Amino acid sequence: MEFFEFLSKANGVLTAGVSATAFALALYLFFYNRSSRVTRAFGGLLGCVIGVYLMDLLLTNIEGIEQADILLRLQWIGIAFTPPLYLEFVRSIRQSVRRDHLPSWLRPVSFLLSGLVASLALITDTVVKETTRTVGVYHMRPGPLFYPFAFIFVVIALWGLRETLFARQLCYTHTARRRMAYLSIGFIAPAMGVFPYLLLAGWPAEIVPGGFLLILVVIGNVAVATMLALMAYSVAFFGTLTA
């Protein structure tokens, strides 16, 4: 039990650390390179990460299931809007290195669908349901629409990663390729910042031990903080990638 308590406290400290890191990076990019469309799109992704981690941090200081249910559902605002912001981020990268061929209707439709998912998660049980507590960690069970959303989330993240790798090949200078490599390494950081909660919601304690989940969350938090820093470094200089 002491081991679980240690992991829980470590997770709380790292959650606060990731939130602070994401907020600091957002402020830095705003003052350093806010004129860049790539930076603005990345700022939106950072906002999703901050929102999800903030709700998780608040969860460490409550005891009631009803309060946990509200906070877990509020997390879905950040979770639901991560895919369209990934699309916006990748689209801004594509426009920086080549002509963007994505259809114009994709942006409003993706945000509309994300708004619908967020609304359903907030007021219904079709996306997530049944708030419970395992080894001191609050989580929810997946609803009928959880798996289709998770599939779309993964597809968009993998497609975006492929696009960043392709953009790296179009860079002319060694410095530009190096920065794009950092961007590619850190590209999945926002998704990882959200997906530990999705995985936690989908793995019952009877199948996966709670301690193992906590270990994964702790490792994931360290990885997210590191990759966000790499990604922010690349985005800060993105205006020079095609120079």
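**Q** Report on the overall build of the protein chain, specifying residues and quantitative values.
**A** Along its length, the protein chain carries eight helices and two strands. In the protein chain, the order of α-helices and β-strands from amino to carboxyl end is α-α-α-α-β-β-α-α-α-α. Within the protein chain, counting contacts between residues at least 6 apart in sequence, those at least 24 apart form 76% of the total. Carbon and sulfur atoms make up 70% of the accessible area of the protein chain, which totals about 11800 Å².

**Q** Give a detailed account of the packing of helix α5 (residues 146-169) against helix α6 (residues 174-186), specifying residues and quantitative values.
**A** Remark: α5 packs on α6, axes separated minimally by 9 Å, with the N-to-C direction vectors making an angle of 170 degrees. When the interaxial angle is binned, α5 and α6 end up roughly antiparallel. Along the contact surface, α5 presents L161, T164, L165, A167 and R168, while α6 presents R177, M180, A181 and S184. Class assignment for the residues of the contact of α5 with α6 results in five nonpolar, two polar and two charged.

**Q** Can you tell me about a nonpolar patch on the surface, naming the residues and giving the values?
**A** A surface patch of nonpolar side chains, about 460 Å² in accessible area, is lined by I70, L74, I77, L122 and I123. Elements that contribute at least two residues to the nonpolar patch include exactly α3 (65-97) and α4 (106-123). Among the elements that take part in the nonpolar patch, α3 stands out by supplying three residues, more than any other. Within the secondary structure, I77 sits in helix α3. You can call I77 partly exposed: its relative accessible area is 39%.

**Q** Which residues make up the side chain of S92, and what values go with them?
**A** Looking at the element boundaries, S92 is found in helix α3. Beyond its immediate chain neighbours, meaning those up to four positions away, S92 contacts R37, V38 and A41.

**Q** Kindly report on the side chain of S110, identifying the contributing residues and their values.
**A** Mapped onto the fold, S110 is located in helix α4. Accessibility expressed as a relative area gives 11% for S110, which makes it buried. In terms of polar contacts, S110 uses its side chain to reach the backbone carbonyl oxygen of R107, at 2.8 Å. In this structure, S110 is in contact with P84 and L87, ignoring residues within four places of it in sequence.

**Q** Break down α6 for me, with residues and values.
**A** Residues spaced three or four apart along an α-helix point in a common direction, a consequence of the helix completing one turn every 3.6 residues. An ideal rise of 1.5 Å per residue puts 18 Å on 13 residues; α6 measures up with 19 Å between its terminal C-alpha atoms. Within α6 the residues assigned to the buried category are A176, R179, M180, L183, S184 and G186.

**Q** Got a sec to walk through the pattern of salt bridges? Specific residues and values, please.
**A** Counted according to the given criterion, the structure contains five salt bridges. Its salt-bridge partner being E163, residue R162 comes within 3.0 Å of it at the nearest N-O pair. Here the residues in one salt-bridge network are R37, E88 and R107, joined through shared partners.

**Q** Residue-level account of the packing of aromatic side chains, with values.
**A** Here the structure, examined in full by the defined rule, presents eight aromatic pairs. For the pair F42 and F89, a centre-to-centre distance of 5.9 Å together with 40 degrees between the ring planes defines the contact as tilted. On the criterion of sequence distance, the pair formed by F42 in helix α2 (residues 37-59) and F89 in helix α3 is long-range, its members being 47 residues apart. For the pair F42 and F89, one class covers both residues: buried. Linked through ring pairs, W76, F146, Y147, F149 and F153 together constitute an aromatic cluster.

Parameters at a glance
- Residues numbered from 1 in each chain as written.
- Predicted model: local features only at pLDDT ≥ 70, side-chain atom pairs only at ≥ 80, totals over all residues.
- Heavy atoms only, no water.
- Helix = DSSP H or I, 4+ residues; strand = E, 2+ residues; numbered from the N terminus.
- Contact = heavy atoms within 4.5 Å.
- Areas by Shrake-Rupley, 256 points an atom, 1.4 Å probe, with all protein chains shown as cover.
- Axes fitted to C-alpha atoms, helices over the stretch in contact; angles between N-to-C directions.
- Parallel < 35°, antiparallel > 145°, perpendicular 65-115°, else oblique.
- Nonpolar A, V, L, I, M, F, W, Y, C, P; charged D, E, K, R; others polar.
- Patch = residues over 30% accessible without salt bridge, like charges linked within 9 Å, V, L, I, M, F, W, Y side chains within 5 Å.
- Salt bridge = Lys/Arg side-chain N within 4 Å of Asp/Glu carboxyl O.
- Buried < 20%, exposed > 50% of the residue type's maximum accessible area, 1.4 Å probe, protein only.
- Polar contact = N/O pair within 3.5 Å; in protein donor to acceptor, adjacent residues only side chain to side chain.
- Expected span 1.5 Å × (residues − 1).
- Phe/Tyr/Trp six-rings, centres within 6.5 Å; stacked < 30°, edge-to-face > 60°.

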